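Next come the chains, spelled out residue by residue.
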Amino acid sequence: MELSRNWLAHYVELPESAEELAAGLTAAGHAVEGMTERGDDLLLDVDVTTNRPDCMSHFGLAREVAAIFGRELTPPESACAESAEATADHVAVELADGDCRRYVARLVRGVTVGPSPPWLARRLESIGQRPINNVVDVTNFVLWETGQPIHAFDFAKVTGGRIVVRAAGEGETLVTLDGERRELDPEVLVIADAERPVALAGIMGGLETEVGEGSTDVLVESAHFDPRRTRRGAGRLGMHTDASHRFERGADFDACRWAADRVARLLAEVAGGTVLAGAVDEVGTPPRELKGTVDASRLSAFAGAPFDADGVAAALASVGVAVERRGDGVVEATVPGWRWYDFADGRPDGRVWEADLYEEVLRLTGFDGIPSALPALGEPDAGSSAEHRLRHAVRRHLAGLGLVEAVTYAFQSPAEEDSIEALRRAGEALQIANPLSEKLSVMRRSLLPGLVESARFNLRRGAQEVRLYEIGRCFPGGDAEELETVAVVAGGHAAAPWDRPAEFDLFDLKGIVESLAERFGAELAAQPTRLAGFLTGASARLTAGGETVGHLGRLEGDFPVPLFGAELATSLLAGGEREGEVVLPSRFPGIAIDLTLTHSAEVPWAEVAAAVEAFDTPHLVGFHLKDRYRGEGVPEGAVNTTLGFLYNAEERSLTRDEVQATHERLAAELERAFGWSE
């Protein structure tokens, strides 16, 4: 929000340096994000936060400047000469809706509508506002001066001299000042006369009662509307105005009469009007009084710096908080109307949170004056939980395998959620009540869709390979409990430019999963299965103790490189991380022998490996899969699996004959269990 330095200087003495002014405001919570020279003036671009609508005006910000720099504050003049004739003799106001808490009306007769005097036009032009005429310019000036939105009606066009604040009727319409016809409903609060709506309460006036060249009598409106009702109405109509911007954040209930008086005074000055005596001031439900206390000793302990009651009282009083000292070092504080919405915080008891008053004292005395210190720990640290330690160990292991952790959204599109197999599904996916978009409308039941999108994003932007993992919670749906899983998505190659590219494949992925399971003492079995989202013949379900605990495979989809994914329930790894064991190799040479076994293609490698491990083979220290071949020379429906075996002894060198005898017994056992027969 841009505010004029020259305009600010009308209410408070400013520091000579604009940089000092900007630094002081920024330190007190009003960040000055830029300064722009405009003629002999300087515009301050101030980031006024939503909880401080009182600073969305020049006088409101001047109040802060006075408090920050210890200067005198000069309020705008509002008193004016009045005629013997009273406003109440001509104007009646009815509050028919409780969302209008106060409505002040003043009547100024005999105005001459015309151009504004130079000083008024310059003030508005300094902040980029276009002068319209002296009456409208006065209402805009007071808005930017006090922060209180004002509206002026041509009183001759207000039927019956009657103002009714009510909900719009179903099907009512109003042409607003911007020339647009608005379709209304009861959610919208309107200002009506005896016959029809004449303005949108807190948003914009109506075109029919606009002040123009022929207007002579002006009805001044200064009201207080409920922020939520204003926000709903503006949202329904797709409107945002200077008035609604302030009312939506909470205007000052107590400023209604003062601002109306200020407008009346200026209309008499710049438009030659006669101000009728008094005002019609209808009050509905006033906001409750907000009180709180600050204990100087508790504030000192909170801030880590000494504070006394005198300093606390002085800081609060500088921003208009009414203070009363108690003898025990406690300061009683009563919040002014312009800060009501900032401090109310939804508490029904009318009390102010003590921490909010702490913040007020600290920002005004200066956070730079608080020494840096670590907080004292009154009790020993509770330490980490078993779940936290498990996650940390899993992350460390996967990082050691060259994977990078990703963090994706916990919500997905229904299509993505249904596209890839989930470890557990229980009824319909959980719908999000207020989704960010249709693509993010259900809670995830698998980590894989989010990781796949992250991999796709990187690959499409030139990455040659991806190695991603994530640990997080999934939501099976229905009343089922959340499920924590760890997922991996990888593909491409990571070889150096001078190396032969080694493409990541399904066996690399299986090795990552098996490595993780082995590190945590879990035994997995892989069963080839058709899984949603994975290519047929390149996917498997992972089981432990007969229960499905994960799956892996090559992912379906149009990717720049083949992409592979796996997901595993972390409960499988809860046994704890195993310490690594160092096994010294024998100092004697070993003997390597290969074996090619012809067996049914439906027999998985896991069964063959289990049979080798179960057979008591002397001196066998290791074996591995070397090749699987289907083609010429192999019967239809069969496959040739070549295994490599290594025999060794710790105490001596083995002879070829004894190894051959042992190996032939193992080969015969495998042939008996799996050998192909026509």
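The structure under discussion appears in the preceding block.
Residues numbered from 1 in each chain as written. Predicted model: local features only at pLDDT ≥ 70, side-chain atom pairs only at ≥ 80, totals over all residues. Heavy atoms only, no water.

Peer 1: It is not clear to me how the overall build of the protein should be interpreted in this structure. Could you clarify?
Peer 2: Counting secondary structure elements, the protein contains 18 helices and 30 strands. Over its C-alpha atoms the protein spans a radius of gyration of 39 Å, topping by over 25% the 26 Å that the globule rule assigns to 678 residues. With the C-alpha coordinates aligned to their principal axes, the bounding extent of the protein is approximately 130 × 60 × 50 Å. Taking all 678 residues of the protein together, the buried fraction comes to 47%. For the protein, long-range pairs separated by at least 24 residues make up 69% of all intrachain contacts whose partners lie at least 6 apart in sequence. Of the accessible surface of the protein, which amounts to about 33400 Å², a share of 49% is contributed by carbon and sulfur atoms. Looking at the protein, you have 66 positive and 110 negative side-chain charges, and the mean spots of the two groups are 1 Å apart. (Helix = DSSP H or I, 4+ residues; strand = E, 2+ residues; numbered from the N terminus. Rg over C-alpha atoms; globule rule 2.2 N^0.38 Å. Buried < 20%, exposed > 50% of the residue type's maximum accessible area, 1.4 Å probe, protein only. Contact = heavy atoms within 4.5 Å. Areas by Shrake-Rupley, 256 points an atom, 1.4 Å probe, with all protein chains shown as cover. Lys, Arg positive; Asp, Glu negative; His and termini not counted. Charge placed at Lys NZ, Arg CZ, Asp CG, Glu CD.)

Peer 1: Whenever I open this one, helix H10 (residues 309-317) confuses me. Can you help?
Peer 2: Helical geometry: 3.6 residues make up each α-helical turn, so side chains three or four residues apart lie on a common side. Among all positions in H10, only Ala309, Val312, Ala313, Ala315 and Leu316 are buried. Down the axis of H10, the buried side of the element spans an arc of 165°, and every buried residue falls inside it. Close packing links the buried residues of H10 with strand S16 (291-295), helix H9 (296-303), strand S17 (322-325), strand S18 (330-334) and helix H12 (354-365). (Arc of directions from axis to C-beta.)

Peer 1: Just checking my understanding: could you explain the nonpolar core for this structure?
Peer 2: Grouped together as the largest cluster of nonpolar side chains are 49 residues, with contacts concentrated most on Leu44, Val138, Phe141, Val142, Val218 and Leu267. When residues of this core are traced back to their parent elements, those giving at least two are helix H1 (5-8), helix H2 (18-27), strand S3 (41-47), helix H3 (58-69), helix H4 (118-126), helix H5 (134-146), strand S13 (218-225) and helix H8 (255-271). Considering each element in turn, this core owes the most residues, seven residues, to H8. Aside from chain neighbours lying at most four places away, what touches Phe141 is Trp7, Tyr11, Trp119, Leu120, Arg123, Leu124, Arg262 and Leu266. Counting residues in hydrophobic clusters, the runner-up holds 28 residues, among them Leu390, Ala490, Leu542 and Val549. (Core = buried A, V, L, I, M, F, W, Y, C linked by side-chain atoms within 4.5 Å.)

Peer 1: So what exactly am I meant to see when it comes to the pairing of strand S26 (residues 547-555) here?
Peer 2: A regular strand places its side chains on the two faces of the sheet in alternate fashion. When strand S25 (residues 534-544) meets S26, the two strands line up antiparallel, connected through seven bridges. Following the sheet pairing, Ala540 is matched in S26 by Leu552. Linking S25 back to S26 in an antiparallel pair, the connection comprises two residues, with Gly545 at a positive phi of about 60°. Inspection of the sheet shows S26 paired to strand S27 (residues 563-569) by five bridges, in the antiparallel sense. If you follow Gly553 over to S27, its bridge partner there is Gly565. (Pairing = 2+ DSSP bridges.)

Peer 1: Honestly, the packing of H4 against H5 in this entry has me stumped. Any pointers?
Peer 2: When two helices pack together, you describe them by how their axes are tilted relative to each other and by the distance separating the axes. Their axes nearest at 10 Å, the elements H4 and H5 cross at an angle of 50°. The pairing of H4 with H5 is recorded here as oblique in orientation. Crossing of H4 against H5: the hand is left-handed. For the pair H4 and H5, the contacting residues are Trp119, Leu120, Arg123 and Leu124 in the first and Asn134, Asp137, Val138, Asn140 and Phe141 in the second. Broken down by class, the residue content of the contact of H4 with H5 amounts to five nonpolar, two polar and two charged. (Axes fitted to C-alpha atoms, helices over the stretch in contact; angles between N-to-C directions. Parallel < 35°, antiparallel > 145°, perpendicular 65-115°, else oblique. Left-handed = near helix turned anticlockwise from the far one by under 90°. Nonpolar A, V, L, I, M, F, W, Y, C, P; charged D, E, K, R; others polar.)

Peer 1: I tried to follow the sheet that holds strand S12 (residues 204-205) on my own but got confused; where do I start?
Peer 2: Each strand in a sheet pairs with another by means of backbone hydrogen bonds, the pair being arranged parallel or else antiparallel. Taken together, the five strands give an open sheet; going across it, the order is S4-S7-S10-S11-S12, and neighbouring strands pair in mixed fashion. In the strand order of this sheet, the two ends are held by strand S4 (92-95) and S12, each with one partner. Sheet analysis places strand S7 (residues 162-167) next to strand S10 (residues 189-192), joined by four bridges and oriented antiparallel. In the strand pairing of S10, Val164 is matched with Ala192.

Peer 1: I keep staring at the sheet that holds S17 and nothing clicks. Help me out?
Peer 2: Spatial strand order, S16-S18-S17: three strands in an open sheet with antiparallel pairing. A single partner strand is all that each edge strand has here, and the edge strands are S16 and S17. If you compare each strand with its neighbour and ignore which way they point, the axes differ by 25° on average. Alignment of S16 against S18, held across five bridges, turns out to be antiparallel. Bridging across to S18, Lys291 finds its partner in Thr334. Of the strands in this sheet, S16 and S18 are in contact with H12, which crosses S16 at around 65°.

Peer 1: For this particular structure, what's the right way to read the packing of H5 against H8?
Peer 2: Taken N-terminus to C-terminus, the directions of H5 and H8 make an angle of 140°; their axes are 10 Å apart at the nearest point. Here H5 is positioned oblique relative to H8, judged by the angle of their axes. Handedness of the H5/H8 crossing: right-handed. Seen from H5, the contacting residues are Asn134, Val135, Val138, Phe141, Val142, Glu145 and Thr146; seen from H8, they are Trp258, Ala259, Arg262, Val263, Leu266, Leu267, Val270 and Ala271. Partitioning the contact of H5 with H8 into residue classes produces 11 nonpolar, two polar and two charged.

Peer 1: Can you walk me through the packing of aromatic side chains in this structure?
Peer 2: Ring pairs (aromatic) are described by centroid distance and by the angle formed between their planes. Applying the stated criterion across every chain, the model contains 11 aromatic pairs. Here the aromatic rings of Trp605 and Phe623 are separated by 6.3 Å at their centres, their planes lie at 55°, and the arrangement is tilted. Here Phe623 lies in strand S29 (residues 620-629) and Trp605 lies in helix H17 (residues 605-614), a separation of 18 residues in the sequence. The class of Trp605 is partly exposed, set by a relative accessible area of 22%. Here the aromatic cluster, defined as three or more aromatic residues joined through ring pairs, consists of Trp7, Trp119 and Phe141. Note that Arg102 overlies the ring of Phe253, its terminal NZ or CZ placed 5.3 Å from the centroid. (Phe/Tyr/Trp six-rings, centres within 6.5 Å; stacked < 30°, edge-to-face > 60°. Lys NZ or Arg CZ within 6 Å of the ring centre and 35° of its normal.)

Peer 1: How do you make sense of helix H18 (residues 656-674) when you look at a structure like this?
Peer 2: With 19 residues, H18 ought to run about 27 Å at 1.5 Å a step, and its terminal C-alpha atoms sit 26 Å apart, in line with that. Looking at H18, one finds that the buried residues are Val659, Thr662, His663, Leu666, Ala667, Leu670 and Phe674. Take H18 and look down its axis: the buried residues cluster within an arc of 140°, on one side only. Facing away from the buried side of H18 by over 90 degrees, the exposed positions are Asp657 and Arg672. On its buried face, H18 sits against strand S28 (591-600), H17, S29 and strand S30 (638-647). (Expected span 1.5 Å × (residues − 1).)

Peer 1: I would appreciate a short explanation of unusual backbone geometry in the present structure.
Peer 2: Excluding glycine, residues mostly carry a negative phi; peptide bonds, for their part, are mostly trans. A positive phi angle, close to 65°, is found at His619, a residue other than glycine. Residue position: His619 is located in the loop between H17 and S29.

Peer 1: Quick question: what am I supposed to make of the environment of His392 here?
Peer 2: The topology assignment puts His392 in helix H13 (residues 386-400). Separated by 318 residues in the primary sequence, His392 and Thr74 place their C-alpha atoms 61 Å from one another.

Peer 1: For this particular structure, what's the right way to read the pattern of salt bridges?
Peer 2: Side chains that carry opposite charge are capable of pairing whenever their charged atoms lie near each other. According to the stated counting rule, one finds 44 salt bridges in the structure shown. Between Glu64 and Arg52 there is a salt bridge, with its nearest N and O atoms 2.9 Å apart. Of this pair, Glu64 sits in helix H3 while Arg52 sits in the loop between S3 and H3; the two residues are 12 residues apart in sequence, bridging distant segments of the chain. Assigned by exposure class, Glu64 and Arg52 land together as buried. Between Arg456 and Glu453 there is a salt bridge whose closest N-O contact spans 3.4 Å. (Salt bridge = Lys/Arg side-chain N within 4 Å of Asp/Glu carboxyl O.)

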